[in-house]
Amino acid sequence: MIVFRSPEEVPAGFGPSAVAIGKFDGVHAGHRAVIARLNEAAAATGSRSVAVTFDRNPLATIRPDRCPENVVTVDRKLELLGDLGIDATLVLTFDQEMAARSAEDFVVEILVGALQVSTVLVGQDFRFGHGGAGTPELLRELGPRYGFSVEVVDDVYLSGSTRRVSSSWVRELLMEGDVASAATVLGRYPDVRGEVVHGLKRGRELGFPTANLSTIVDAFVPADGVYAGWLVDHDTGIRHPSAISVGTNPTFDDVLVRQVEAHVLGETGLDLYGHDVTVEFVARLRGMVAFEGIEKLMEQMGADVTDAARALGITTG
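Bear in mind that the values here come from a model prediction, so they are computed numbers and not experimental data.

A. Representation of the sheet that holds strand S12 (residues 276–286) within the structure. Judged by pairing direction, the barrel is antiparallel, and its six strands sit side by side in the order S7-S8-S11-S10-S9-S12 before closing back on the first. The sheet shows a mean angle of 45° between the axes of neighbouring strands, taken without regard to direction. Helix H10 (residues 294–312) rests against strand S9 (225–233), strand S10 (238–247), strand S11 (259–264) and S12 of the sheet, and its axis sits at about 100° to S12.

Right, dumping it as structure tokens:
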């Protein structure tokens with residue numbers, strides 16, 4: 001997938017393009033439905049398939065006091081979009097200049113001028129341009145004038161649910177630690193990626209060594225607790241079953257910031273320091289609690305390993 005960081009980077013004659021516009025935060029099941037339809041439209045018209053998105057949530061510029069934390073970083077968003085088989089993504093800088101741009105200027109200069117758009121796909125609630133004046137209805141008005149068609153993609157609902165799939169829903173589920181439901185809404189396991197760094201090595205001393213992720217990760221970290229999941233080592237390509245801890249280790253009360261650490265099941269001598277890894281969250285096993293003494297903590301850690309193996313459907317030993 002080609003990534004353009006501004007309309008000026010799009011080469012002359014790049015189009016025609018079928019374009020889907022949106023924040024695509026998390027690239028959840030609803031976004032995936034839009035991209036699937038985008039690929040179909042592009043194939044049917046012989047056009048390039050292009051996602052147009054932003055380098056931040058527009059609220060970060062317009063109303064920073066109301067801006068939620070992103071589900072994923074921009075780089076992770078691009079990785080996820082690239083996995084869906086589109087030709088290109090245009091990442092627009094959403095600064096004050098972009099916020100002040102009129103909806104028609106957005107269409108004329110970016111969609112028509114840079115991308116030679118032939119088809120525009122948006123969700124029902126998408127808004128663009130100054131004051132959110134750009135709506136699907138406005139796009140339909142401008143389409144005949146500038147030579148493009150407009151398709152509004154229906155909201156996606158999970159089976160048995162009356163709530164539409166959204167990034168807000170994903171965020172709420174992760175804040176509750178409900179990673180299994182979040183996986184259903186996302187269409188993939190929620191995960192975080194980062195570098196394995198040195199920690200206090202307390203897990204190793206207790207017989208359960210862990211890979212500690214740097215505090216710089218690329219996605220929203222679920223609520224404190226213990227989870228079953230997978231550690232994907234990008235340096236070796238190996239996917240390890242794991243028991244994962246998120247939090248500040250209240251038993252010892254000497255960890256100042258939240259940490260994500262994964263104990264690889266059945267391994268005690270694995271050296272992952274410096275490795276680039278992704279931790280995937282499959283199921284929440286329990287909340288984070290403080291234990292009265294190391295023996296009770298070790299007993300619970302042993303139970304966590306057993307529970308994680310069961311949740312993942314594997315045997316250890």
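Past the structure itself, the notes keep going.
B. Expanded view of the sheet that holds strand S1 (residues 2–4). Pairing in this open sheet of six strands is parallel, and the strands run S1-S4-S3-S2-S5-S6 from one edge to the other. At either end of the open sheet lies a strand with only one pairing partner, and these are S1 and strand S6 (149–153). Taking the axes of each pair of neighbouring strands and ignoring which way they run, one obtains an average angle of 20° across the sheet. Where S1 lies against strand S4 (residues 88–92), three bridges are found, and the strand directions are parallel. Within the sheet, the bridge partner assigned to Val3 lies in S4 and is Thr89. Across the sheet, helix H6 (residues 136–146) is in contact with strand S5 (117–123) and S6; its angle to S6 comes to roughly 160°.

C. Local environment of the pairing of S6. In the sheet, S5 pairs with S6 via five bridges, with the strands oriented parallel. Counterpart to Thr119 in the pairing with S6 is Ser149. Between the parallel pair S5 and S6, the chain is carried across by H6, and the sense of this crossover is right-handed.

Rules used throughout
Residues numbered from 1 in each chain as written. Predicted model: local features only at pLDDT ≥ 70, side-chain atom pairs only at ≥ 80, totals over all residues. Heavy atoms only, no water. Pairing = 2+ DSSP bridges. Helix = DSSP H or I, 4+ residues; strand = E, 2+ residues; numbered from the N terminus. Axes fitted to C-alpha atoms, helices over the stretch in contact; angles between N-to-C directions. Contact = heavy atoms within 4.5 Å. Right-handed = clockwise from strand over helix to strand, strands pointing away.

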